[in-house]
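Residue-level structure breakdown
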Amino acid sequence: MPRLRQVPRDQVTDPLTLFFYDRLFGPDRDPVAEPGTATGSPGDWWTVFALHPVILKHCVKGFQLYREAALDPVLRELGQARAGWARGSQFVFSQHCKQLRAIGVPDEKVQAVAHWQVSPCFDELERAVLAYTDGLVLDGGRVHDEIFSVLRAHLTDEEILELTYITCLYEMHATMSRALRLEFDDRPEPVVEVAAPEGYGTRDIVDDVVTGGNGGNGGNGGNGGNGGGDG
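Every value quoted in this text rests on a predicted model; they were computed, and no experiment measured them.

**Observations regarding the packing of helix 5 (residues 73–87) against helix 10 (residues 157–180)**
Put simply, helix 5 and helix 10 touch, their axes get as near as 9 Å, and they point 30 degrees apart. Read as a crossing pair, helix 5 and helix 10 show a hand that is right-handed. Residues Leu75, Arg76, Gly79, Gln80, Ala83 and Arg87 of helix 5 pack against Leu163, Ile166, Thr167, Tyr170, Glu171, Ala174, Thr175 and Arg178 of helix 10. When its residues are assigned to classes, the contact of helix 5 with helix 10 shows six nonpolar, four polar and four charged.

What follows is the structure, encoded as structure tokens:
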């Protein structure tokens, strides 16, 4: 379950929130009691963001940038899908893999987003977009001049700004989805202690590895003696 409360339909008073509840879940359905969207996601991003109608409105205005952007939708979606993968958000990655297919990108290329560095599927500009995304998401905006020069050779300044904004917007969504455990990011923490075998007790494993290491150090001491002889 998400870490924050979800808002049932009968508690929604904001007209924009109701519009999206109707559009995504149907006018007679409470998405908290009956979750699920057409894409297969639970839909709890919407029911949690409904807690704050001003934030929801700000988010959906950002989505509407798509209709006005000059950037090629394939490049946009490559950036979004890779941002999801790089930030570790199964939700953002999954949704934008679906969207890549929806705009006609072959499945082979969609699958290769996760390992683009060694894939022959991408042309020069697409590789630059993926490298730029890694710079934004994984390196905190540190992007090499050579990557940026490829973007500038193919895209206008306005398109590069759109790419940067949209990719960073979806890095934010990926981060928030993980933190709040929304949608497909409602998953247990993968890094946990693996229990010791039964009867292990409080054994100190350092003793197992340091004993052998001391023998090696003794050998090094012998080398020190040789050094003295060389003197």
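**Examining the nonpolar core**
It is characteristic of soluble globular proteins that their nonpolar side chains tend to be buried jointly. Core analysis: the largest hydrophobic core is formed by 29 residues, its most contacted members being Leu78, Leu100, Val113, Phe122, Val129, Leu151 and Leu155. Contributions of two or more residues to this core are made by helix 5, helix 6 (90–102), helix 7 (107–112), helix 8 (124–137), helix 9 (145–154) and helix 10. With residues up to four places along the chain from it excluded, the contact list for leucine 151 reads Leu125, Ala128, Val129, Tyr132, Ile160 and Leu163. Ranked by size, the runner-up nonpolar core spans 18 residues in total, among them Phe25, Val48, Leu56 and Tyr170.

**Details of the packing of aromatic side chains**
The tally for this structure, following the rule as stated, stands at ten aromatic pairs. Measuring from ring centre to ring centre gives 5.8 Å for tryptophan 45 and phenylalanine 63, while their planes differ by 45 degrees; the resulting arrangement is tilted. Here the residue tryptophan 45 occupies a position in helix 2 (residues 44–49), and phenylalanine 63 occupies one in helix 3 (residues 53–63), the gap between them amounting to 18 residues. Residue classification places tryptophan 45 among the buried residues on the basis of a relative accessible area of 4%. Measuring from centroid to centroid gives 6.2 Å for phenylalanine 63 and tyrosine 170, while their planes differ by 35 degrees, and the two rings are tilted. Placement of phenylalanine 63 in helix 3 and of tyrosine 170 in helix 10 is noted, with a sequence separation of 107 residues between them. Three or more aromatic residues joined by ring pairs form one cluster here, namely Phe19, Phe20, Trp45, Trp46, Phe49, Phe63 and Tyr170.

**What about the environment of valine 143?**
Inspection of the secondary structure puts valine 143 in the loop between helix 8 and helix 9. Excluding residues that lie within four positions of it along the chain, valine 143 makes contacts with Tyr132, Gly135, Leu136 and Phe148.

**Remarks on the layout of surface pockets**
When its volume is computed, the largest pocket comes out at roughly 1100 Å³. Here the lining of the largest pocket is composed, by residue class, of twelve nonpolar, nine polar and six charged. Of the pockets and cavities examined, the second largest pocket occupies roughly 220 Å³. For the second largest pocket, the full set of lining residues is Arg3, Gly88, Arg178, Ala179, Arg181, Asp185, Arg187, Pro188, Glu189 and Pro190. Its residues placed into classes, the lining of the second largest pocket shows three nonpolar, one polar and six charged.

**Describing the pattern of salt bridges**
By the definition in use, this model includes nine salt bridges. For the salt bridge of arginine 76 with glutamate 77, the shortest nitrogen-to-oxygen distance reads 2.9 Å. Here arginine 76 falls in the buried class, since its relative accessible area comes to 9%. The salt bridge partner of aspartate 134 is arginine 82, with a shortest N-O separation of 2.7 Å. Taken together, the positions of aspartate 134 in helix 8 and arginine 82 in helix 5 put the pair 52 residues apart, joining distant regions of the chain. When its relative accessible area of 8% is taken as the criterion, aspartate 134 is described as buried. Under the relative-accessibility criterion, arginine 82 is labelled buried at 2%.

**A word on unusual backbone geometry**
Although it is not a glycine, arginine 181 sits at a positive phi angle of roughly 55 degrees. With respect to the helices, strands and loops of the structure, arginine 181 is situated in the loop between helix 10 and helix 11 (205–230). Note on arginine 181: relative accessible area 23%, which makes it partly exposed. Positive phi outside glycine occurs at glutamate 183, with the angle close to 50 degrees. If you trace the backbone, glutamate 183 turns up in the loop between helix 10 and helix 11. A relative accessible area of 4% places glutamate 183 in the buried class.

Conventions used here
- Residues numbered from 1 in each chain as written.
- Predicted model: local features only at pLDDT ≥ 70, side-chain atom pairs only at ≥ 80, totals over all residues.
- Heavy atoms only, no water.
- Axes fitted to C-alpha atoms, helices over the stretch in contact; angles between N-to-C directions.
- Helix = DSSP H or I, 4+ residues; strand = E, 2+ residues; numbered from the N terminus.
- Left-handed = near helix turned anticlockwise from the far one by under 90°.
- Contact = heavy atoms within 4.5 Å.
- Nonpolar A, V, L, I, M, F, W, Y, C, P; charged D, E, K, R; others polar.
- Core = buried A, V, L, I, M, F, W, Y, C linked by side-chain atoms within 4.5 Å.
- Buried < 20%, exposed > 50% of the residue type's maximum accessible area, 1.4 Å probe, protein only.
- Phe/Tyr/Trp six-rings, centres within 6.5 Å; stacked < 30°, edge-to-face > 60°.
- 1 Å grid on protein atoms, 1.4 Å probe; cavity = no way out; pocket = protein on both sides within 12 Å on 5 of 7 lines; lining within 4 Å.
- Points joined across faces, edges and corners; volume = space filled by probe spheres on them.
- Salt bridge = Lys/Arg side-chain N within 4 Å of Asp/Glu carboxyl O.

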